[in-house]
Amino acid sequence: MEKSLFYRQTWVEIDLSAVGRNYRTLKKALPEGTKMMVAVKANAYGHGIVEVSRKLVACGADYLGVACLDEALTLRKNLIHVPILNLGAFLKSDAAALIDNDVTATVTDYPMALELNKVAGALKKKAKIHVKIDTGMGRLGVWHSEADDFILKLCALPHLSIEGLYTHFPSADTDEAFTRSQITMFCALVTKLEIKGVKIPLKHSANTMALVGYKDAHFNLVRPGLAIYGLHPTEALIGKVDLAPVLSFKTRIVYLKNVAKGRSISYGRTHITKNDTVIATLPVGYGDGYNRLLSNKGRVLVNGEFCPVVGVVCMDQTMIDVGHLKSVRLEDEVVLAGTQKDKIIRIEELAHLCHTIPYEVVCWISPRVPRVYIDKE
Ligand SMILES: *Cc1c(COP(=O)(O)O)cnc(C)c1O
């Protein structure tokens, strides 16, 4: 790890070589010619949008997916020139910047398409668009049975270039029948359009779960996010897909104290020591994204041994019981998520303890936590 310019004793390590490995693992499993768009929205799921995107571009990623124009502009300002799709909605105020920065817009209604067409015409450019189809997500998207008429109307707008058509699955991880019915609806639309002479170059639907579980959802472009970060959409997939963990969340012991049996730890006094023990204070809390739901439930690694979180997680500090360790010293490295010696604490484990999904756990890690990048390739 390079010497870094921060004093904080809590940090995240991002292994960019693992991003590369995961990208290649997924790519290898796809038929020749299938393109890959990687979702780098929400600061690349907390991993750092610029660094992760640079790595993905170096790996040959065809497209990047963002949630809003500002994320796309961050990429462009950092000289990332690959195609970028704004997966979110846009409003009138975004139109000129989308076109000027060559950011592909998701189009889902006619007035916005007209606006984009008008602004593109005035700029003497073409606006690249992907049309989003609702097959059951109920979010952005034109309802699939109305989509062919909608797209025929778009075809008449001279300053739009319809590059892509896509849909999204709400329950690829839990409901196979529903997901299959969505794939059928989407294919039916593609066929209807082709009969009417409309051939759209890129067709896509597969997030990580569909990429792994539904080959007929691949079309000619897949759209993973989670798996690129080495995370599994369901716990059942752990060990089944060969993904390398990318993010480690680390801190150091900043205080050690002998605590007698029967004393209370942290706000609300929810933990009372059962024996004479040693309590370590860690400089990390929910203000860093170490969730308060981990109070009295989480575990961390110190010197290759699991140690329980005791008492409630504070905004900036968390206590652990290290009384059972053979050796423990001030400044010892503590792994909140990641590996130490032969043991691992997965992001998926934290998600499970917090009754949520791994996506949210990595998004929690706040900007206060410095990101350190490692690339062994
Ligand atoms: C975030 C996102 C993805 C990526 O999903 P994962 O489950 O992380 O693979 C794909 N498509 C859309 C529309 C998204 O918003």
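Calculation rules
Each chain has its residues counted from 1, following the order in which its sequence is written. With pLDDT at 70 or above as the cut-off, local features in this predicted model cover only qualifying residues; side-chain atom pairs require 80 or more to be listed or tallied, and sums for whole chains, interfaces and linings still use all residues. Excluding hydrogens and water, the side-chain values take into account all heavy atoms of the structure. UniProt positions are given in the numbering used here, feature names are shortened, and annotations may be inferred rather than shown by experiment. We define proximity as follows: a residue is near a molecule or strand when any one of its heavy atoms falls within 4 Å of that partner. Two N or O atoms count as a polar contact when they lie within 3.5 Å, although within protein this holds only if one can serve as hydrogen donor and the other as acceptor, and sequence-adjacent residues are included solely when both atoms are side-chain atoms. Per-residue accessibility takes into account occlusion by the displayed protein chains alone, with areas from the Shrake-Rupley method and a 1.4 Å probe. Each residue is assigned to one class: nonpolar for Ala, Val, Leu, Ile, Met, Phe, Trp, Tyr, Cys and Pro, charged for Asp, Glu, Lys and Arg, and polar for all the others, Gly among them. Put simply, DSSP H or I for four residues or longer makes a helix, DSSP E for two residues or longer makes a strand, and each gets a number counted from the N terminus. In this analysis, two residues are considered to be in contact whenever any of their non-hydrogen atoms come within 4.5 Å of each other. Between 30 and 60 degrees the pair is tilted, below 30 it is stacked and above 60 it is edge-to-face, where a pair is any two Phe, Tyr or Trp rings, Trp via its six-membered ring, whose centres lie within 6.5 Å. Here's how the labels work: a residue is buried when its accessible area is under 20% of the maximum for its type, exposed when over 50%, partly exposed in between, all with a 1.4 Å probe on protein chains only. As a reminder, the over-ring test applies to NZ of lysine and CZ of arginine, requiring each to be within 6 Å of the ring centre and within 35 degrees of the ring normal.

- Within an unreviewed UniProt entry, the label attached to the protein chain reads Alanine racemase, and the organism entered is Velamenicoccus archaeovorus.
- The Sequence similarities (unreviewed entry) field of the UniProt record for the protein chain holds the comment "Belongs to the alanine racemase family."

**Things to note about the site of the ligand**
Point 1. Lining the immediate surroundings of the ligand are 13 residues, of which Lys41, Tyr45, Thr208, Leu226 and Tyr359 lie closest.
Point 2. Contacts to the ligand include Thr208, whose side-chain N or O atom sits 2.6 Å from an oxygen atom.
Point 3. With the chains in place, 93% of the 390 Å² that the ligand exposes on its own is no longer accessible.
Point 4. Across the shell around the ligand, the residue classes break down as 6 nonpolar, 4 polar and 3 charged.

**Section: the side chain of Asp134**
Point 1. By the element assignment, Asp134 lies in strand β6 (residues 127–134).
Point 2. At 2.8 Å, the side chain of Asp134 and the backbone nitrogen of Gly136 are in polar contact.
Point 3. In contact with Asp134, not counting residues within four places along its chain, are Arg139, Gly141, Val142, Trp143, His144 and Thr167.

**Let's talk about the packing of aromatic side chains**
Point 1. On inspection of all chains with the given rule, the structure shows 4 aromatic pairs.
Point 2. Each ring, one from Tyr45 and one from Tyr359, has its centre 6.1 Å from the other, and the planes form 35 degrees; the classification is tilted. With Tyr45 in helix α2 (residues 41–45) and Tyr359 in helix α11 (residues 358–364), this pair connects stretches of sequence that are 314 residues apart.
Point 3. Classification of Tyr45 by relative accessible area gives buried; the value is 5%.
Point 4. The class for Tyr359 is partly exposed, based on a relative accessible area of 27%.
Point 5. Joined through ring pairs, the aromatic side chains of Tyr45, Tyr229 and Tyr359 make up one cluster.
Point 6. Taking NZ or CZ as reference, Arg299 lies 3.8 Å from the ring centre of Phe306, over its face.

**Quick word on the UniProt feature "binding site: substrate" (unreviewed entry) in the protein chain**
Point 1. Under the UniProt annotation, "binding site: substrate" (unreviewed entry) lies at Arg139 and Met315. Maximum C-alpha separation among the annotated residues is 33.9 Å over a sequence range of 177 residues, too wide for a single clustered spot.
Point 2. Ignoring sequence-local partners within four residues, the contact set of Arg139 consists of Lys132, Asp134 and His168.
Point 3. Note on placement: Met315 falls in the loop between β17 (305–308) and β18 (318–321).
Point 4. Contact partners of Met315, with chain neighbours within four places excluded, come to Gly285, Tyr286, Gly287, Asp288 and Arg368.

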